[in-house]
Amino acid sequence: MEEPPFGVLLTANGDQGLELVKAVRAVTGLSAWRSKELLTAAPTTVIDETWFERAEQAARRLNGLGARADLACRWCERVMSPENCPVDPGPCSSPYMAPTGCPASRPRS
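Brief notes about the packing of aromatic side chains
Applying the stated criterion across every chain yields a total of one aromatic pair. A centroid spacing of 4.9 Å and a plane angle of 70° characterise the contact between Phe-6 and Phe-52, whose relative ring orientation is edge-to-face. With Phe-6 in strand β1 (residues 6-12) and Phe-52 in helix α3 (residues 52-64), this residue pair connects regions lying 46 residues apart in the sequence. For Phe-52, a relative accessible area of 1% gives the class buried.

What follows is the structure in structure tokens.
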């Protein structure tokens, strides 16, 4: 079964300056100028549709540098913190898969 795409939402840009610009650049592949624009545009979407693991790694990297980034499931529209994964499968309302099938609801190994 196809897994839902996830996005990374930047809700606060932090104050790490150049290191945070470099991190946004690394997770998005954008230029330094465009990465800085994304940071100043917070709240904004940094990555729109990707696999859960990539979104989780990107959000953790940004959060580690003082920004605030959350994960958003593009099927059920839940927004969650990477620190709170796995999430309770109950609120998942995806019409495409069972609530327990969402990668955000699975325990990490």
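Some remarks on the sheet that holds strand β2 (residues 44-50)
The strand order across the open sheet built from four strands is β2-β1-β3-β4, with neighbouring strands paired in antiparallel fashion. Edge positions in the open sheet fall to β2 and β4 (79-80), since each of these has one partner strand only. Where strand β3 (residues 68-73) and β4 come together, two bridges link them in antiparallel fashion. For Ala-72, the partnering residue across the bridge sits in β4 and is Val-79.

Topic: the packing of helix α1 (residues 18-28) against helix α2 (residues 32-40)
It is the contact of α1 with α2, at a shortest axis distance of 8 Å, that shows an interaxial angle of 105°. Looking at the two axes, α1 sits roughly perpendicular to α2. Here Leu-20, Val-21, Val-24, Arg-25 and Thr-28 of α1 come into contact with α2, specifically with Ala-32, Ser-35, Lys-36, Leu-38 and Leu-39. Here the contact of α1 with α2 is composed, by residue class, of six nonpolar, two polar and two charged.

Looking at the nonpolar core
Membership of the largest hydrophobic core comes to 29 residues, with the highest contact counts inside it found for Phe-6, Val-8, Val-46, Leu-62, Leu-71, Met-80 and Ala-104. Listed by contribution, the elements that provide at least two residues to this core are β1, α1, α2, β2, α3 and β3. The contacts of Ala-104, once residues within four sequence positions are left out, are Phe-6, Phe-52, Met-80, Cys-85, Pro-86 and Val-87.

Details of the pairing of β3
Regular strands have side chains that alternate between both faces of the sheet. Most of β3 sits inside the fold, with five of its six residues counted as buried. The pairing of β1 with β3 spans six bridges and is classified as antiparallel. Bridge pairing in β3 links Gly-7 to Ala-72. Counting the residues that bridge the hairpin from β3 to β4 gives five residues, and of these Glu-77 lies at a positive phi of roughly 65°.

Considering the side chain of Asn-63
Of note, Asn-63 is situated in helix α3. One polar contact links the side chain of Asn-63 to the main-chain amide nitrogen of Ala-69, over a distance of 2.6 Å. Residues in contact with Asn-63, not counting those within four places in the same chain, are Arg-68, Ala-69, Pro-82 and Glu-83.

What counts and how
Residues numbered from 1 in each chain as written. Predicted model: local features only at pLDDT ≥ 70, side-chain atom pairs only at ≥ 80, totals over all residues. Heavy atoms only, no water. Phe/Tyr/Trp six-rings, centres within 6.5 Å; stacked < 30°, edge-to-face > 60°. Helix = DSSP H or I, 4+ residues; strand = E, 2+ residues; numbered from the N terminus. Buried < 20%, exposed > 50% of the residue type's maximum accessible area, 1.4 Å probe, protein only. Pairing = 2+ DSSP bridges. Axes fitted to C-alpha atoms, helices over the stretch in contact; angles between N-to-C directions. Parallel < 35°, antiparallel > 145°, perpendicular 65-115°, else oblique. Contact = heavy atoms within 4.5 Å. Nonpolar A, V, L, I, M, F, W, Y, C, P; charged D, E, K, R; others polar. Core = buried A, V, L, I, M, F, W, Y, C linked by side-chain atoms within 4.5 Å. Polar contact = N/O pair within 3.5 Å; in protein donor to acceptor, adjacent residues only side chain to side chain.

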